[in-house]
Amino acid sequence: RRRTKNISRMPYCPYAKHVRVAHVISMDRDSSRFEHSAALLRRIGFRVKRFAPIPLDDPEISSWQRQFHRWNDPTDSSPASAISLSLSHLSLWRKFPTDHEWLYVFEDDVMLQPQGVSHLLPPHGRGSNAGKHTWSWPAEGAEDALACLIEEVEKVATWTNYSFAPMIYYGVGNAHHHRSEVIFLRGHHTVRMCDTLNLHAYAVRRQWVASLMQQVLERRDKTWKTQHPLYRYDLDVMLRGFFMSGLWRIRQGSKELASVNPLCIDMEENGVIIQNSSYRRTVDHSKSRVFNW
């Protein structure tokens, strides 16, 4: 039976405790894509830094193509742009250019989830939390509300049950919740453990980033010959398959401490930050959900 917890009566958060930095992966500082996403993130309270993606002629892109390309497979196009984006995320993970516990990473096509979203919670919910569940941004100050939501979610991530969660997804796509506990936040938002596609809006935790990166890439290296190309070139698909298979492990010596999936915000509604559909996508994920590790 699905467990629920309601912390929606936590005191209102007028200020963010931390000045967070949003690292936005974008080709061009002067592009409308970057300007629009940067303006949104500043209104939420972030300081914005642009991260130039790995150049398409970078030797590491060629290395991935040589190592993982299946030459007898006509569907394996080994897109350099997808590899560049994956390497850009991994480069930020390695550098971890913040003093904060969480590194916030965005792609340059982000926008707020529209207001007035409603969804049906699973039928095994309890009490007033079951059935129709609706949230909407306040008439004024949606960005302030999101800044406070980020504070709340980081607090949840400090709880014992979630202290091993390596990531927080603020944008969610094709998610699976593993029947995990639902935490109800202020404004009828929810957070729960899940696996998901998309890396357009997320935070990764300093304590676990190195181990997560090592485990995901090692798994890719061991299984690439039997996988669809997206699982070899596209980091968000690698992560989805990795967490979906329950492979994330935290160990201390020979002792396994925990296996906890990332936290997802408003999973049923694709998160609070979505991708602007008017922009061209780097990778089409339409078929990726059918493939497993």
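Analysis parameters
- Residue positions are counted from 1 within each chain, in the order its sequence is given.
- Totals for whole chains, interfaces and linings use all residues, but because this is a predicted model, local features are given only for residues with pLDDT of at least 70 and pairs of side-chain atoms are given and counted only at 80 or more.
- Working from all heavy atoms in the structure, the side-chain values ignore hydrogens and water.
- Three exposure classes are used, based on accessible area relative to the maximum for each residue type with a 1.4 Å probe and protein chains only: buried under 20%, partly exposed in between, and exposed over 50%.
- Helix and strand definitions here come from DSSP, where helices need a minimum of 4 consecutive H or I residues and strands a minimum of 2 consecutive E residues; each element is numbered from the N-terminal end.
- By construction, the arc corresponds to the directions joining the helix axis to the C-beta atoms.
- A contact between two residues is defined here by any heavy atoms of the two lying within 4.5 Å.
- One number per residue, pLDDT, summarises how confident the predictor is, and it ranges from 0 to 100.
- For helices, the fitted axis covers only the stretch in contact; all axes are lines through C-alpha atoms, and the angles between them, taken along N-to-C directions, range from 0 to 180 degrees.
- The hand of a helix crossing depends on one turn: near helix anticlockwise from the far one by less than a right angle means left-handed, and clockwise means right-handed.
- Ten residues, namely Ala, Val, Leu, Ile, Met, Phe, Trp, Tyr, Cys and Pro, are considered nonpolar, four, namely Asp, Glu, Lys and Arg, are considered charged, and the remaining ones, Gly among them, are considered polar.
- Throughout, disulfides are identified as pairs of cysteine sulfur atoms within 2.5 Å of each other.

(A) View of helix α2 (residues 59–68). Every buried residue of α2 is listed here: I61, W64 and F68. All buried residues of α2 project into a common sector of 60° when viewed along the axis, lining one side. Residues of α2 that are exposed and point more than 90 degrees away from the buried face comprise P59 and R66. Tucked into the core, α2 has its buried residues touching α3 (80–95), α5 (206–223), α6 (230–233) and α7 (235–244).

(B) Layout of the confidence of the model for the protein chain. Averaged over every residue, the pLDDT of the protein chain is 81; residues scoring 70 or more account for 76%. Within the model, pLDDT remains below 50 along residues 285–293, and this stretch shows 26 contacts once partners closer than five positions in the same chain are excluded.

(C) Examining the packing of α3 against α5 more closely. Two elements in contact, α3 and α5, have axes whose closest approach is 9 Å; the angle formed by their N-to-C orientations is 145°. Relative to α5, the crossing made by α3 is left-handed. Here L90, W93 and R94 of α3 come into contact with α5, specifically with V209, L212, M213 and L217. Among the residues forming the contact of α3 with α5, the class breakdown is six nonpolar, no polar and one charged.

(D) Representation of the state of the cysteines. According to the stated counting rule, one finds one disulfide in the structure shown. Shown here is the disulfide that connects C194 with C264, its sulfur atoms set 1.9 Å apart. Disulfide C194-C264: torsion about the S-S bond near -75°, hence left-handed. With C194 in the loop between β11 (190–193) and β12 (195–197) and C264 in strand β16 (residues 263–265), the pair connects residues that are 70 residues apart, well separated along the chain. The pair formed by C194 and C264 is uniform in burial state, with each residue classed as buried.

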